[in-house]
Amino acid sequence: MTSNDRNWGVAAYRLGRETTAAEPTRWLERLWSSAEQDEIDAPWDRTEPFPVIAEVLAELGPGDGRRAVVVGAALGADAEAAARAGWRTSAFDVAPAAVRLVRARYPQSPVDYREGNLLDLAGDLIGAFDLVIEVFTVQAMPPAVRAEATAGIRRLLAPGGTALVIQVERGDQDPAIGPPWLLNREEMETFADDDVRLESLDLLKRPRVDRDTPIWFARLRRD
């Protein structure tokens, strides 16, 4: 077995290229299932929160029972950080295998890890959260469902709630090629609509030293 055989990024690109409009997220379950069966390395495997997420959690102070949700739970780094900061935290992932893996990683966690689809939200999630955290999830879905995905982020927010959205900047990449299907400034601005306004939109240096592509960091608020 070569290193590429276990590289989850290689597997993600191959599976994502098979994505259809009818099943825009199926490739994610196939990817996480491969990881669960130890056929590839675990995707998005980090134990520390994304740096800018950690900064905002510190800025907001103790959660004091306020509700937070992480969209695309993956292996739980951001959700666990929110829970440690006192937020009553939920985290959902469209891939059942990802949920099983994160529950196994944190068996005593207070986080409510569950299956969930941003494109078809469970009723108890809608309008329920003071803080929404989304890192690289919308860009994992093809552009054909982007309007539904951004609307899903807004629908999670309670009145007065804040959403933190992180995506990779597209640059010169063909928008039709993915995964990931990267975003430009105009597309980032579409996360705001109706009573959800864009408080800030910044380009930041990507934390990993081996990646020089900048990332978008959007902060939104429901009035």
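An account of the accompanying structure is given in this report.

Criteria and thresholds
Counting starts from 1 at the beginning of each chain's written sequence and moves along it residue by residue. Only residues with pLDDT of at least 70 are given local features in this predicted model, and only at 80 or more are side-chain atom pairs given and counted; all residues enter the totals for whole chains, interfaces and linings. Only hydrogens and water are set aside when side-chain values are computed; all heavy atoms of the structure are taken into account. Residue exposure (1.4 Å probe, protein chains only): buried if accessible area is under 20% of the type maximum, exposed if over 50%, otherwise partly exposed. Starting at the N terminus, helices and strands are each numbered in turn, a helix being any DSSP run of H or I of at least four residues and a strand any DSSP run of E of at least two. It is the directions from the helix axis to the C-beta atoms that the arc portrays. Two strands pair if DSSP finds at least two bridges between them. With axes taken as lines fitted to C-alpha atoms, and helix axes fitted only over the stretch in contact, angles between N-to-C directions fall between 0 and 180 degrees. In this scheme the crossing of two helices becomes right-handed for a clockwise turn of the near helix relative to the far one and left-handed for an anticlockwise turn of less than a right angle. The contact criterion used throughout is that any non-hydrogen atoms of two residues lie within 4.5 Å. Under this grouping Gly is polar, as are all residues other than the nonpolar Ala, Val, Leu, Ile, Met, Phe, Trp, Tyr, Cys and Pro and the charged Asp, Glu, Lys and Arg.

**Thoughts on helix H4 (residues 51–60)**
- Residues Val52, Ile53, Val56 and Leu57 constitute the buried set of H4. Angularly, the buried residues of H4 cover 140 degrees about the axis, an arc narrow enough to put them on a single face. For H4, the exposed residues set more than 90 degrees away from the buried face come down to Glu55 and Ala58.
- Once H4 finishes, Gly61 follows within two positions and takes phi at roughly 80 degrees, a positive value.

**Describing unusual backbone geometry**
- Residue Pro179 is bonded to the preceding Gly178 through a cis peptide linkage, with omega at 5 degrees.
- Looking at where Pro179 falls in the secondary structure, it is placed in the loop between strand E5 (157–168) and helix H8 (185–189).
- The omega torsion of the bond from Pro179 to Pro180 falls at -10 degrees, within 30 degrees of zero and hence cis.
- Along the chain, the position of Pro180 falls in the loop between E5 and H8.

**Brief notes about the pairing of strand E4 (residues 129–135)**
- In terms of burial, E4 is largely enclosed, as six of its seven residues are buried.
- Across four bridges, the pairing between strand E1 (residues 67–71) and E4 is parallel. Bridged to Val70 within E4 is Ile133.
- Bridge count for E4 against E5 is six bridges, and the pairing is parallel. Among the inter-strand pairings, Ile133 is bridged to a residue of E5, identified as Leu164.

**Looking at the packing of helix H2 (residues 8–16) against helix H3 (residues 26–36)**
- The N-to-C vectors of H2 and H3 enclose an angle of 150 degrees; their axes lie 9 Å apart at closest approach. Regarding H2 and H3, the two cross each other, and that crossing is right-handed. Here H2 contributes Trp8, Ala11, Ala12, Leu15 and Gly16 to the contact with H3, which in turn contributes Trp27, Arg30 and Leu31.
- Its residues placed into classes, the contact of H2 with H3 shows six nonpolar, one polar and one charged.

**Topic: the sheet that holds strand E2 (residues 88–93)**
- Taken in spatial order, the seven strands line up as E3-E2-E1-E4-E5-E7-E6 in an open sheet, and their pairing is mixed. Each end of this open sheet is capped by a strand with a single partner; those strands are strand E3 (112–115) and strand E6 (196–204). For this sheet, the mean angle separating the axes of adjacent strands, direction not counted, is 15 degrees.
- Relative to E2, E1 is paired through five bridges, and the arrangement is parallel.

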